[in-house]
Amino acid sequence: QRNSAVSRRSSCRGSPATIMASPPLGFFVRGSEGLSLLVGPPFDDGCRSRLDRILCLSALFSDDGSKLAVVTSDFVSVYDTGSGSEHNRLNVAGVMAAAFSPGGTYLQTFQRYSAQQKNLSLWTVDTGNVVFQQFQKALSKSNWPAIQFSEDETVACRLVTNEVHLFDARDFSKGITDRLRLPGILSVKLAFAPPSHIAAYVPEIKGSPSSVRIFECTQVSQGQQVARRSFYKSSSAQLLWNRGSTGLLVVAQSDIDKTNQSYYGESRLHFLTSNGSHEGSVPLSKEGPVHDAQWSPSGTEFLVVYGFMPAKATLFDAKCQPLFEFGTGPYNTVRWSPHGRCIHSF
C-alpha cells in the first residue's frame, strides 16, 4: 500500500513551480516472507527499510501516514512510521478488519461474530484502552468502517437496524447522545467537514421508491428531513459528501439491468444540496454505467467517469453544471491529488 497511484491519464492545474516538493514516500510491501515498511523515493542511498519481514494478515496506514497498524492472528501492533518503533500493541485476536479514525486517535476492529463476546471494538491508539464495544453481526464493504467519524473527531455515528446512533467522539462514555429512527435504512454517511448533516439511504420497499434523505445532526431525533431524493431502479447506493457539507452525490445501483446492456446492473448519479435548494439527476451526456464519481478536495467541483467504453469524463461545479469535458478513454476510476491541482484517471 502507498500514497500514490500509477495513472493512465492525468490533468494538472498550476505551474510546476507552485507545487511543493513531496517528502519521501513511505510504503509497505507484503509478501510470503512478511511485511516490510520502506522509505523512498526520492532515494538517497537506495530504498531504506524501517520495518522488515513482519508476519501478518493485513496492514493499513492512518490517514496522515504517521501510523501503521499491522494485524496478526493474535494481536494488532501500531507502529510509528517515522521511526519504525512499536507505538502500542492491542491484545485482540482474530481481527478481520481494522480502520483508523481520521485523526488517528482511534482504531476500530472487527472480529467474527459470537453471541458470547462483543466483536466491534474501538481502541484509543495512544493508551490501548477500549472506549466502545458492541455486537456487530455482519461485515460488509458498503458499511465499513462501522463507526464513522467527522474529520475533526467531534462527532461519530453507527448504523444499526432501523436506526443511526450518534456519539460525542471526544467522550464515548456518554453513550448514545442522539438517534435517528428510520425504518428500512440500509446505509448512512456522516458529513465529515463540518459534521453538520447526515445522509441516509432506504432501498425500494413494497413498490415504494428508494430514497436518500438528509438530516441536520443537531435535530436527528425529530426525524425532520431537510432534503430528499426518491428514485427507482436501486438496491444499494454510495453516498459522497463534499468538503463544506453543502452537496451530496448519490451513486445508485441496481443488481439487474432490464435492458440487458450491462452484466453488472444499472447505475445512476443523483445530486442533492444539504439546504434542500436542489435535488435531481446529474446531467450525464453518454449512456451507460457510472464508473466513478469523486469530489475535489476543496468541495467546489466533482469529476464523473461514466458511459459504455470508451468511458467519458466530465468535470462539474458544486451547482451540478458541466465545467469541462476530458474526452473518452478506457477509464473506470478517478482520483484527485491532495491539493486538487491534478486529476488522475485510469
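As shown above, the structure is provided for reference.
Residues numbered from 1 in each chain as written. Predicted model: local features only at pLDDT ≥ 70, side-chain atom pairs only at ≥ 80, totals over all residues. Heavy atoms only, no water.

S.K.: Any chance you could explain the sheet that holds strand β17 (residues 187–190) here in plain terms?
M.R.: Neighbouring strands of a sheet are bound in pairs by backbone hydrogen bonds; such pairs are parallel or else antiparallel. Spatially, 4 strands are ordered β17-β18-β19-β20 in an open sheet, and the strand pairing comes out antiparallel. Strand pairing shows two members of the sheet lacking a second neighbour, β17 and β20 (225–231), which therefore form its edges. Across this sheet, the average inter-strand angle for adjacent strands is 15°, counted without regard to direction. Pairing analysis gives 4 bridges linking β17 to strand β18 (residues 197–202), with the strands arranged antiparallel. Bridge pairing links Ser 187 to Tyr 201 in β18. (Pairing = 2+ DSSP bridges. Helix = DSSP H or I, 4+ residues; strand = E, 2+ residues; numbered from the N terminus. Axes fitted to C-alpha atoms, helices over the stretch in contact; angles between N-to-C directions.)

S.K.: Got a minute to help me understand unusual backbone geometry in this structure?
M.R.: What is expected of a backbone is that most residues other than glycine have negative phi and most peptide bonds are trans. The peptide bond linking Ala 193 to Pro 194 adopts the cis configuration, its omega dihedral lying at 0°. Here Pro 194 lies in the loop between β17 and β18. Backbone geometry places Arg 53, a non-glycine residue, at a positive phi of 55°. Residue position: Arg 53 is located in strand β4 (residues 48–54). Positive phi, normally seen in glycine, also occurs at Cys 320, with a value near 70°.

S.K.: Which parts of the structure should I look at to understand the packing of aromatic side chains?
M.R.: Within a pair of aromatic rings, the relevant descriptors are the distance that separates the centres and the angle that separates the planes. Evaluated as defined, the whole model comprises 14 aromatic pairs. Both rings, one in Phe 167 and one in Phe 172, keep their centres 5.7 Å apart while their planes meet at 35°; by these two values the pair is tilted. Looking at Phe 167, the relative accessible area reads 5%, which means it is buried. With 5.2 Å between their ring centres and 15° between their planes, Phe 302 and Phe 316 make a pair best called stacked. Of this pair, Phe 302 sits in strand β26 (residues 301–306) while Phe 316 sits in strand β27 (residues 311–317); the two residues are 14 residues apart in sequence, bridging distant segments of the chain. One aromatic cluster is present, built from ring pairs that chain together Tyr 106, Phe 132, Phe 149, Phe 167 and Phe 172. The ring of Phe 75 has Arg 89 lying over it, and the distance from NZ or CZ to the ring centre is 3.9 Å. (Phe/Tyr/Trp six-rings, centres within 6.5 Å; stacked < 30°, edge-to-face > 60°. Buried < 20%, exposed > 50% of the residue type's maximum accessible area, 1.4 Å probe, protein only. Lys NZ or Arg CZ within 6 Å of the ring centre and 35° of its normal.)

S.K.: Please clarify how the sheet that holds β26 should be interpreted in this entry.
M.R.: Within the open sheet, the 4 strands sit side by side as β25-β26-β27-β28. Their pairing is antiparallel. This sheet does not close on itself; its edge strands, each paired only once, are β25 (290–295) and β28 (322–329). When strand polarity is set aside, the average angle formed by the axes of neighbouring strands in this sheet is 15°. Strand direction decides the pairing type here: β26 and β27, joined by 6 bridges, are antiparallel. Bridge assignment links Val 305 to a residue of β27, and that residue is Ala 313.

S.K.: Please explain the nonpolar core as it appears in this structure.
M.R.: Nonpolar side chains in soluble globular proteins tend to end up buried together. Residues Val 164, Leu 166, Leu 182, Ile 185, Ile 198 and Phe 215 are the most contacted members of the largest nonpolar core, which totals 16 residues. Counting only elements with at least two residues in this core, the list comes to β14 (155–160), β15 (163–168), β17 and β18. Beyond its immediate chain neighbours, meaning those up to four positions away, Ile 198 contacts Cys 157, Val 164, Leu 166, Val 188, Lys 189, Leu 190, Arg 213, Ile 214, Phe 215, Cys 217, Val 220 and Trp 241. (Core = buried A, V, L, I, M, F, W, Y, C linked by side-chain atoms within 4.5 Å. Contact = heavy atoms within 4.5 Å.)

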